[in-house]
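This is what each chain is made of:
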Amino acid sequence: MNRIAVYPGTFDPVTFGHLDIIRRGALLVDRLVVAVAVNTEKQFLFTTQERIDFLRAAVKNIPGVEVCQMDGLLVHFVEQLGAHFVLRGLRAVSDFEYEFQMAGMNRKLNADVETVFLVSGEETLFLSSRLVKEIAGMGGDVSRFTPADVIPELRRRMMVRLGRGMG
Ligand code: ADP
């Protein structure tokens, strides 16, 4: 059986937490499709194309992984691909309620869509795109949290957003 999983998210920007889930998830399936959501409710720092490009660069050496844009509903995307699983990462209890609801709703929309969770590794347990953005915006070192090619533009945009200038 050709096992396909979809790992959805906004990845604004990709962190080593996401990459840990991708690396471990890729070992469980034949094909892992990382689906970059075009979610109009969130105010993104990076465009869809930028989020995709950073992810593609970060996963280029991981076999069986590809990165796609996802415009609509996750279950439709999963159906179109003929995928079997949705992969999600779980950090602390804080993720649980939202993830639990999402998994339940997706199962209501399509009873065949199974959500599989990977628990965060201890290195990346506290890592989130939101905190990485805040730290970068205040001039902190984020090199342990996100790939090097993300950092210059991340710092620049967050400093502009926080009104800190570059000086
Ligand atoms: P969202 O889907 O809320 O926009 P993200 O794009 O940031 O969130 O994350 C996508 C998925 O990756 C979610 O399942 C999230 O819980 C998971 N994730 C994010 N950071 C980590 C981490 N440090 N460890 C494990 N899972 C993570």
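You'll find the structure just up there.
Residues numbered from 1 in each chain as written. Predicted model: local features only at pLDDT ≥ 70, side-chain atom pairs only at ≥ 80, totals over all residues. Heavy atoms only, no water.

**Some details on the overall build of the protein chain**
And then number 1: Helix and strand counts for the protein chain come out as six helices and five strands.
And then number 2: Moving toward the C terminus, one meets the helices and strands of the protein chain in the order β-α-β-α-β-α-β-α-β-α-α.
And then number 3: Over its C-alpha atoms the protein chain spans a radius of gyration of 16 Å, differing by no more than 12% from the 15 Å that the globule rule assigns to 167 residues.
And then number 4: Here the protein chain holds 167 residues, and the buried ones make up 46% of them.
And then number 5: Restricting to contacts in the protein chain with at least 6 residues of sequence separation, those with at least 24 account for 75%.
And then number 6: Charge separation in the protein chain, taken as the distance between the mean sites of 20 positive and 20 negative side-chain charges, equals 4 Å. (Helix = DSSP H or I, 4+ residues; strand = E, 2+ residues; numbered from the N terminus. Rg over C-alpha atoms; globule rule 2.2 N^0.38 Å. Buried < 20%, exposed > 50% of the residue type's maximum accessible area, 1.4 Å probe, protein only. Contact = heavy atoms within 4.5 Å. Lys, Arg positive; Asp, Glu negative; His and termini not counted. Charge placed at Lys NZ, Arg CZ, Asp CG, Glu CD.)

**Considerations on the site of the ligand**
And then number 1: With respect to spatial proximity, 17 residues lie near the ligand, and among them Tyr-7, Thr-10, Lys-42, Gly-89 and Thr-124 are the closest.
And then number 2: One of the backbone nitrogen or oxygen atoms of Thr-124 is found 2.7 Å away from a nitrogen atom of the ligand.
And then number 3: Taking Leu-127, its main chain carries an N or O atom lying 2.9 Å from a nitrogen atom of the ligand.
And then number 4: Burial of the ligand by the protein amounts to 90% of the accessible area it has alone, namely 540 Å².
And then number 5: Those elements giving two or more residues to the shell around the ligand turn out to be strand E1 (4-9), helix H1 (16-26), strand E4 (85-90) and helix H4 (93-109).
And then number 6: Residues that form the shell around the ligand fall into these classes: five nonpolar, seven polar and five charged. (Near = heavy atom within 4 Å. Polar contact = N/O pair within 3.5 Å; in protein donor to acceptor, adjacent residues only side chain to side chain. Areas by Shrake-Rupley, 256 points an atom, 1.4 Å probe, with all protein chains shown as cover. Nonpolar A, V, L, I, M, F, W, Y, C, P; charged D, E, K, R; others polar.)

**Some details on unusual backbone geometry**
And then number 1: The omega torsion across Asp-12 and Pro-13 is 0 degrees, close enough to zero to call that bond cis.
And then number 2: A positive phi angle is found at Phe-11, which is not glycine, with a value near 50 degrees.
And then number 3: If you trace the backbone, Phe-11 turns up in the loop between E1 and H1.
And then number 4: Here Phe-11 falls in the buried class, since its relative accessible area comes to 2%.

**Examining empty space enclosed by the protein**
And then number 1: One pass over the structure, following the stated rule, counts one cavity of 30 Å³ or more.
And then number 2: Counted as a void, the largest cavity has a volume near 40 Å³.
And then number 3: When grouped by side-chain class, the residues that make up the lining of the largest cavity number four nonpolar, two polar and two charged. (1 Å grid on protein atoms, 1.4 Å probe; cavity = no way out; pocket = protein on both sides within 12 Å on 5 of 7 lines; lining within 4 Å. Points joined across faces, edges and corners; volume = space filled by probe spheres on them.)

**Some words on the pattern of salt bridges**
And then number 1: Applying the stated rule across the entire model yields 10 salt bridges.
And then number 2: Between Arg-107 and Glu-114 there is a salt bridge; the shortest N-O distance is 3.1 Å.
And then number 3: For Arg-130, the salt bridge identified is with Glu-134, shortest N-O distance 3.2 Å. Linking Arg-130 with Glu-134, this pair stays in helix H5 (residues 129-137), spanning four residues, or about one helical turn.
And then number 4: For Arg-130, a relative accessible area of 53% puts it in the exposed group.
And then number 5: By relative accessible area, which is 32% here, Glu-134 ends up partly exposed.
And then number 6: Here the salt bridges share partners, and the residues they tie into one network are Glu-50, Glu-153, Arg-156 and Arg-157. (Salt bridge = Lys/Arg side-chain N within 4 Å of Asp/Glu carboxyl O.)

**Quick look at the packing of aromatic side chains**
And then number 1: This model, assessed by the stated rule, comprises three aromatic pairs.
And then number 2: With a centroid separation of 5.3 Å and 75 degrees between ring planes, the pair formed by Tyr-7 and Phe-11 is classed as edge-to-face.
And then number 3: When its relative accessible area of 5% is taken as the criterion, Tyr-7 is described as buried.
And then number 4: Taking NZ or CZ as reference, Arg-51 lies 3.8 Å from the ring centre of Phe-44, over its face. (Phe/Tyr/Trp six-rings, centres within 6.5 Å; stacked < 30°, edge-to-face > 60°. Lys NZ or Arg CZ within 6 Å of the ring centre and 35° of its normal.)

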